[in-house]
Amino acid sequence: TNDSKSTSKNKVVAVVGGGLVGALNACYFAKRGFQVEVFESREDIRQAKIVKGRSINLALSHRGRQALKQVGMEDTIVSKGIPMHSRMIHSLNGTQSPIPYGKKGQVTLLMQRLDTPHSAETYSTTKLNFAHKLLNWSTETGAMTFLRADGTKEEIQADLIVGCDGAFSAIRKQFLRQSRFNFSQTYIPHGYLELTMPPINGEFAMKPNYLHIWPRNTFMMIALPNLDKTFTCTLFMPFDEFENVTTGDQVIEFFQKYFPDTIPLIGADALKRDYFRLPAQAMVSVKCSPYHLSDKCVLMGDAAHAVVPFYGQGMNAGFEDCLVFNEIMDQLNEDFSAVLPEYTRVRVPDDHAIADLAMYNYVEMRSHVNSKWFLFRKYVDNTLHMIMPRTVIPLYTMVTFTRTRYHEAVKRWHWQDKVRNDIVHSSLYKGL
Ligand code: FAD
């Protein structure tokens, strides 16, 4: 209504964290007419070439795209993205076999991490404050204390604080002191390390429109294409195993044993050097609830739910948070005291479901893609989907190519799993 629009113009929304989700959120609030202030601890990311330890390319799927679309950002991002339609499984002997993700036309898009942050600046009501690190905030007054690059502190007030400051959120620390706040965090035994595969004669060294996977049971490597024709290879492996490889020669020996086809493509010298450039990074899964604190503060993105990266949904879920919040803002007329609890009610089960699914996929990607039984089940799923497209929808399709609520996708998957197993077993008995 006009009323809410005129009040939103006077209200200040502080978005803490100018990463992917913070930047998108800033656009959503600015579009509604709020005064938006974004606070980011890093220096201006426009100047930063590499975000340390963080992969530069991310798989953007349906949910993320819908969220970008709502604020008119989809086309810009998609035009700069690389479509991926299949996985490419690399076996030990070097054979490559593609496994399509979904039906024809269902693609996942690879976007570059640095594409989003500055979109928020297109709104005149948005101010980006770099080198502002949130130290603390008061749940009573809502006052936030920031540390600036020159060592000075600044205190700032806002009508709403949106915590988008990532998996180790400083905003969330105040939640931990509240009664009835649930919180859990789990580190998985695996770490990850990134390597670059350069172009060959100006062209991609492998087929570009695939997610390349080298599944090797307890560990695996994946490779994703970048716009500059390089691939980013990410090696996922238990920390114990990383500790066993300490010299350049051991790296080569290790790759010879498990990923021999990649040695000439990455280059033996580069491999020996880059393997030790950064230590392996840890991966954490964080779940909490509620996502809001009175009508003052709300958590979104990794600050609310860091998930392990094995479903390619972390950013997508975070982007969908913004979209869901926006839908609730419409329904409840921008009244924060009603919107915030409703957002928690609606979103917690879904974000918890994707955290669980990502953990499940952690196991699946490592071992099951190798197994014949898994491939056979996938085949049955896809066939059933073709015959009964409305009744049987593979889990991956629901998660990646639809906005079916995550927790409903899980429910439906359990039901389908039962039906599918019944069919498989009865066909086996019939000797089919
Ligand atoms: P972040 O990207 O972590 O941003 C948080 C921001 O807050 C940062 O800019 C940080 O500097 C800032 N900040 C932190 N503390 C403070 C403070 N005290 N004060 C001010 N600012 C602060 N997701 C996908 O959807 N698809 C993928 O393919 C995918 N691949 C991944 C691969 C790997 C190896 C990993 C680790 C993750 C992957 N993800 C993927 C997940 C994705 O990276 C995250 O979900 C996403 O970055 C979350 O965005 P965010 O804005 O919530 O948090």
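Residues numbered from 1 in each chain as written. Predicted model: local features only at pLDDT ≥ 70, side-chain atom pairs only at ≥ 80, totals over all residues.

Looking up the protein chain in an unreviewed UniProt entry gives the name Kynurenine 3-monooxygenase, with the organism given as Oncorhynchus kisutch. Its UniProt record, at the heading Function (unreviewed entry), says of the protein chain: "Catalyzes the hydroxylation of L-kynurenine (L-Kyn) to form 3-hydroxy-L-kynurenine (L-3OHKyn). Required for synthesis of quinolinic acid." (UniProt positions renumbered as here; feature names shortened; annotations may be inferred.)

Colleague: So what about the overall build of the protein chain? Which residues, and what values?
Modeller: Assigned secondary structure in the protein chain consists of 14 helices and 19 strands. Buried positions account for 38% of the 432 residues belonging to the protein chain. (Helix = DSSP H or I, 4+ residues; strand = E, 2+ residues; numbered from the N terminus. Buried ≥ 20, exposed ≤ 12 C-beta atoms within 10 Å, placed from the backbone.)

Colleague: Explain the site of the ligand residue by residue, including any values.
Modeller: Not every one of the 32 residues close to the ligand is listed here, only the nearest: Gly17, Gly19, Gly166, Gly301 and Gly314. Elements with a contribution of two residues or more to the shell around the ligand: α2 (20-31), β3 (57-60), β9 (132-137) and α10 (314-331). (Near = placed C-beta within 6 Å.)

Colleague: An account of the domain arrangement of the protein chain is requested, with residue identities and associated values reported.
Modeller: The extent of an interface is frequently quoted as the accessible surface area lost upon association of the parts. As far as domains go, the protein chain holds domain 1 (2-90 + 106-185 + 284-364), domain 2 (190-282) and domain 3 (371-429). Contacts between the two partners involve 13 residues from domain 1, matched on the other side by 9 residues from domain 3. Sorting elements by how many residues they give to the side of domain 1 that touches domain 3 places helix α11 (residues 336-367) first, with 5 residues. Here the side of domain 1 that touches domain 3 is composed, by residue class, of 5 nonpolar, 6 polar and 2 charged. (Domains from an automatic or database assignment. Contact = placed C-beta atoms within 7 Å. Nonpolar A, V, L, I, M, F, W, Y, C, P; charged D, E, K, R; others polar.)

Colleague: How would you summarise the packing of helix α3 (residues 62-70) against α10 if you had to cite specific residues and measurements?
Modeller: The interhelical angle for the contact between α3 and α10, taken along N-to-C directions, is 45°, at an axis separation of 8 Å. Viewed along their axes, α3 and α10 adopt a mutual orientation that is oblique. In this structure, the crossing between α3 and α10 has a hand that is left-handed. On the side of α3, the interface is formed by Arg63, Gly64, Gln66, Ala67, Leu68 and Gln70, while α10 contributes Met315, Asn316, Phe319, Glu320, Cys322, Leu323 and Asn326. Within the contact of α3 with α10, the residues separate by chemical class into 6 nonpolar, 5 polar and 2 charged. (Axes fitted to C-alpha atoms, helices over the stretch in contact; angles between N-to-C directions. Parallel < 35°, antiparallel > 145°, perpendicular 65-115°, else oblique. Left-handed = near helix turned anticlockwise from the far one by under 90°.)

Colleague: Please set out the environment of Gln96 residue by residue, giving values where relevant.
Modeller: If you trace the backbone, Gln96 turns up in strand β6 (residues 96-100). On the basis of neighbour count, Gln96 is assigned to the partly exposed category, with 13 C-beta atoms found within 10 Å. Not counting residues up to four positions away in its chain, the partners in contact with Gln96 are Met88, Ile89 and His90.

Colleague: How would you explain the pairing of strand β8 (residues 126-129) if you had to name every residue and give the values?
Modeller: Residues Thr126 and Leu128 line the buried face of β8, whereas the alternating positions Lys127 and Asn129 sit on a face that is not buried. As paired strands, strand β2 (residues 35-39) and β8 are joined by 4 bridges and run parallel to one another. Bridge assignment links Val36 to a residue of β8, and that residue is Thr126. (Pairing = 2+ DSSP bridges.)

Colleague: Account for the sheet that holds β9, naming residues and giving values.
Modeller: Taking strand neighbours across the sheet as the criterion, the 3 strands line up as β9-β10-β11 in an open arrangement whose pairing is antiparallel. Of all strands in the sheet, those with a lone pairing partner are β9 and β11 (153-156), marking the two edges. Each strand of the sheet is rotated relative to its neighbour by a mean of 30°, with strand direction disregarded. Pairing analysis gives 4 bridges linking strand β10 (residues 144-148) to β11, with the strands arranged antiparallel. Looking across to β11, one finds that Phe146 is bridged to Glu154.

Colleague: With reference to specific residues and values, describe the packing of α2 against α10.
Modeller: Running from amino to carboxyl end, α2 crosses α10 at an angle of 20°, the nearest separation of the two axes being 9 Å. Classified by the interaxial angle, the pair formed by α2 and α10 is roughly parallel. The crossing of α2 and α10 is right-handed. Together, Leu20, Val21, Leu24, Asn25 and Tyr28 of α2 and Met315, Gly318, Phe319, Asp321, Cys322 and Asn326 of α10 make up the contact between the two elements. Within the contact of α2 with α10, the residues separate by chemical class into 7 nonpolar, 3 polar and 1 charged.

Colleague: Which residues make up the sheet that holds strand β5 (residues 86-90), and what values go with them?
Modeller: One open sheet holds the 7 strands; their spatial order is β6-β5-β14-β15-β16-β13-β17, and the pairing between them is mixed. Two strands lie at the open edges of the sheet, namely β6 and β17 (281-289), each paired on one side alone. Across this sheet, the average inter-strand angle for adjacent strands is 30°, counted without regard to direction. Bridge count between strand β13 (residues 182-197) and strand β16 (residues 231-238): 8 bridges; the pairing is antiparallel. By the bridge assignment for β16, Leu195 is matched with Cys233.

Colleague: Can you lay out the nonpolar core for me, pointing to particular residues and giving the numbers?
Modeller: In this structure, Ile161, Val162 and Met300 are the most contacted members of the largest nonpolar core, which totals 108 residues. Excluding anything up to four places from it in sequence, Ile161 contacts Ala14, Val16, Trp137, Gly142, Met144, Ile171, Lys296 and Cys297. (Core = buried A, V, L, I, M, F, W, Y, C linked by C-beta atoms within 7 Å.)

Colleague: Pulling in residues and values, what's your account of α10?
Modeller: With 18 residues, α10 should cover 26 Å at 1.5 Å per step; its first-to-last C-alpha distance of 26 Å lies within 8% of that length. Asn333 sits one or two positions beyond α10 and adopts a positive phi of about 55°. (Expected span 1.5 Å × (residues − 1).)

Colleague: Provide a residue-level description of unusual backbone geometry, including the pertinent values.
Modeller: That bond from Ser289 to Pro290 is cis: its omega, -5°, falls within 30 degrees of zero. A positive phi angle, close to 65°, is found at Arg180, a residue other than glycine. Assignment of secondary structure puts Arg180 in the loop between α5 (171-175) and β13. Of the residues examined, Arg180 has 6 C-beta atoms within 10 Å and is grouped as exposed.

Colleague: Could you give an account of the pairing of β13, with specific residues and numbers?
Modeller: Every regular strand shows the same layout, with side chains that alternate between the two sheet faces. Here β13 runs beside β17; their pairing, made up of 8 bridges, is antiparallel. When the sheet's bridge partners are listed, Ser184 is paired in β17 with Lys287.

Colleague: Talk me through the environment of Arg420; I want residue IDs and the actual numbers.
Modeller: Here Arg420 lies in helix α14 (residues 406-429). Judged by C-beta crowding, with 17 C-beta atoms within 10 Å, Arg420 ranks as partly exposed. Considered as a pair, Arg420 and Glu253 are 167 residues apart in the sequence and their alpha carbons are 43 Å apart.

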